[in-house]
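Read off the chains here:
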Amino acid sequence: NKATGEVKISQKRYALDLVQKFGLVDAKPDVIPMQPNLASLGATGISEEEEKPFEDVTRYRALVGGLMYLAVCTRPDIAQAVYRLARYMSKPMVVHWEAAKKVLRYVKGTAEYGITYGRNKELFGYADSDWASDRDSRRSTTGYVFMLNQGAVSWKSRLQPTTAASSVEAEYMSAASATREAMWLRTLMADFDLGIGAVRIWDDSQGAIGLIRNPIMSDRSKHIDVMHHFVREKEQHGHVSFKYCPTDSMVADMLTKPLPVAQFVKFRLSMGVR
């Protein structure tokens with residue numbers, strides 16, 4: 001519609017201004033924002049050359065801040081890469097600067113992209129995690145996205161606040177984060193007289209779904225913080241409903257780690273970014 005078109009034009013102008021500001025007008029566009037085989041952006045697993053401090057810290061912060069605006073407003077496809085780079089604002093290294101420029105080259109090639117919405121009014125979400133993905137802290141990454149009218153309306157990619165002892169715990173913590181967001185979205189829709197039933201949330205962990213529906217604690221689950229167990233209550237009360245989906249259909253996977261081109265494009269389109 002007209003409003004969507006105007007937003008796309010505005011964000012395209014902003015993206016191209018960012019490309020010009022950082023001198024990448026003649027650079028070759030990239031097809032993905034971050035390499036899937038990138039081992040780490042932290043102090044572990046990078047070469048001596050890449051480990052050198054990047055001297056112009058202000059310039060790095062300006063680039064990541066500019067990309068963050070796009071990631072928050074209209075470009076969930078770059079959210080994982082940008083939020084990952086934002087962890088190194090205080091002391092960026094050369095490897096971080098090169099990774100940030102790669103994201104900008106991807107933005108250059110997709111400057112006209114934005115979220116396109118359809119007519120399906122169902123609200124549903126995807127929740128995922130990447131267990132122990134940060135090689136320095138061994139904390140996991142939470143990713144979730146909620147869809148309405150066939151386009152993304154809310155998304156997040158962030159490190160979990162504590163270290164998960166298992167992949168099921170990491171998935172359970174992601175489910176709890178997604179449930180909190182689902183509750184907020186239900187309240188918002190009610191304010192607009194758009195009351196809905198249970199918000200369906202897709203998850204690719206059978207273990208996490210089993211933990212949500214089984215209140216019996218075991219040696220493998222009793223260490224999970226009580227703060228995350230409210231997800232059980234919300235499903236029992238009919239506010240959310242967790243369903244299993246296979247990993248190759250898990251759209252939120254794009255918000256937890258870099259993906260190969262085919263998977264990345266598939267999930268980007270699923271979010272309505274085109």
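Draft legend 1. Geometry of unusual backbone geometry. Unusually for a residue other than glycine, Ala132 sits at a positive phi of about 50°. Even without a glycine there, the phi angle at Gln150 is positive, about 65°. Judged by its relative accessible area of 45%, Gln150 is partly exposed.

Draft legend 2. Spatial organisation of the environment of Glu171. With respect to the helices, strands and loops of the structure, Glu171 is situated in helix H5 (residues 167–191). In sequence terms Glu171 and Thr142 are 29 residues apart; their C-alpha atoms lie 7.9 Å from each other. Non-local contacts of Glu171, meaning those with residues more than four positions away in its chain, are made with Ala127, Asp128, Ser129, Asp203, Asp204, Ser205 and Ala208.

Draft legend 3. The arrangement of the packing of aromatic side chains in detail. Counting across every chain of the model gives six aromatic pairs. Residues Tyr14 and Tyr69 carry aromatic rings whose centres are separated by 4.8 Å and whose planes lie at 50° to one another, so their mutual orientation is tilted. With Tyr14 in helix H1 (residues 2–21) and Tyr69 in helix H2 (residues 57–73), the pair connects residues that are 55 residues apart, well separated along the chain. Using a relative accessible area of 46% as the deciding quantity, one classes Tyr69 as partly exposed. Members of the aromatic cluster, connected to one another through ring pairs, are Phe22, Phe54 and Trp97. For the cation-ring pair, Arg200 lies above Phe124, with the distance from its terminal atom to the ring centre recorded as 5.6 Å.

Draft legend 4. Quick look at the pattern of salt bridges. Inspection of the entire model under this criterion finds nine salt bridges. Taking the shortest distance from any N to any O, the salt bridge between Asp30 and Lys102 comes out at 3.2 Å. Of this pair, Asp30 sits in the loop between H1 and H2 while Lys102 sits in helix H4 (residues 94–109); the two residues are 72 residues apart in sequence, bridging distant segments of the chain. Where Arg213 meets Glu235, a salt bridge forms, and the shortest distance between an N and an O atom there is 3.1 Å. Taken together, the residues span a long stretch of sequence, with Arg213 in helix H6 (residues 206–213) and Glu235 in helix H7 (residues 230–236) at a distance of 22 residues. Taking the relative accessible area as the measure of exposure, Arg213 reaches 47% and is therefore partly exposed. Classification of Glu235 by relative accessible area gives buried; the value is 16%. Connected via shared salt-bridge partners are Asp30, Lys102 and Arg105.

Draft legend 5. Representation of the nonpolar core. Core analysis: the largest hydrophobic core is formed by 52 residues, its most contacted members being Leu85, Leu104 and Val145. Where this core is concerned, the elements lending two or more residues are H1, H2, helix H3 (79–85), H4, strand E1 (124–130), strand E2 (141–148), strand E3 (151–159) and helix H8 (261–270). For this core, the element with the most residues is H4, which contributes eight residues. If we ignore the near neighbours within four places in the chain, the residues touching Val145 are Phe124, Gly125, Tyr126, Ala152, Ser154, Trp155, Val251, Ala252, Leu255 and Met271. Counting 18 residues, the second largest nonpolar core, distinct from the first, contains Ala127, Tyr172, Ala182 and Ile201.

Draft legend 6. Quick look at the sheet that holds E1. Strand order in the open sheet formed by five strands is E3-E2-E1-E4-E5, and the pairing between neighbours is mixed. Where the open sheet ends on each side, the last strands, each with one partner, are E3 and strand E5 (240–244). Between one strand and the next, the sheet's axes are offset by a mean angle of 20°, whatever the strand orientation. Pairing of E1 with E2 involves seven bridges; the strand directions are antiparallel. Note that in E2 the partner of Phe124 across the bridge is Met147. Set on the sheet, H6 makes contact with strand E4 (199–203) and E5; between it and E5 the angle comes to about 145°.

Conventions used here
- Residues numbered from 1 in each chain as written.
- Predicted model: local features only at pLDDT ≥ 70, side-chain atom pairs only at ≥ 80, totals over all residues.
- Heavy atoms only, no water.
- Buried < 20%, exposed > 50% of the residue type's maximum accessible area, 1.4 Å probe, protein only.
- Helix = DSSP H or I, 4+ residues; strand = E, 2+ residues; numbered from the N terminus.
- Contact = heavy atoms within 4.5 Å.
- Phe/Tyr/Trp six-rings, centres within 6.5 Å; stacked < 30°, edge-to-face > 60°.
- Lys NZ or Arg CZ within 6 Å of the ring centre and 35° of its normal.
- Salt bridge = Lys/Arg side-chain N within 4 Å of Asp/Glu carboxyl O.
- Core = buried A, V, L, I, M, F, W, Y, C linked by side-chain atoms within 4.5 Å.
- Pairing = 2+ DSSP bridges.
- Axes fitted to C-alpha atoms, helices over the stretch in contact; angles between N-to-C directions.

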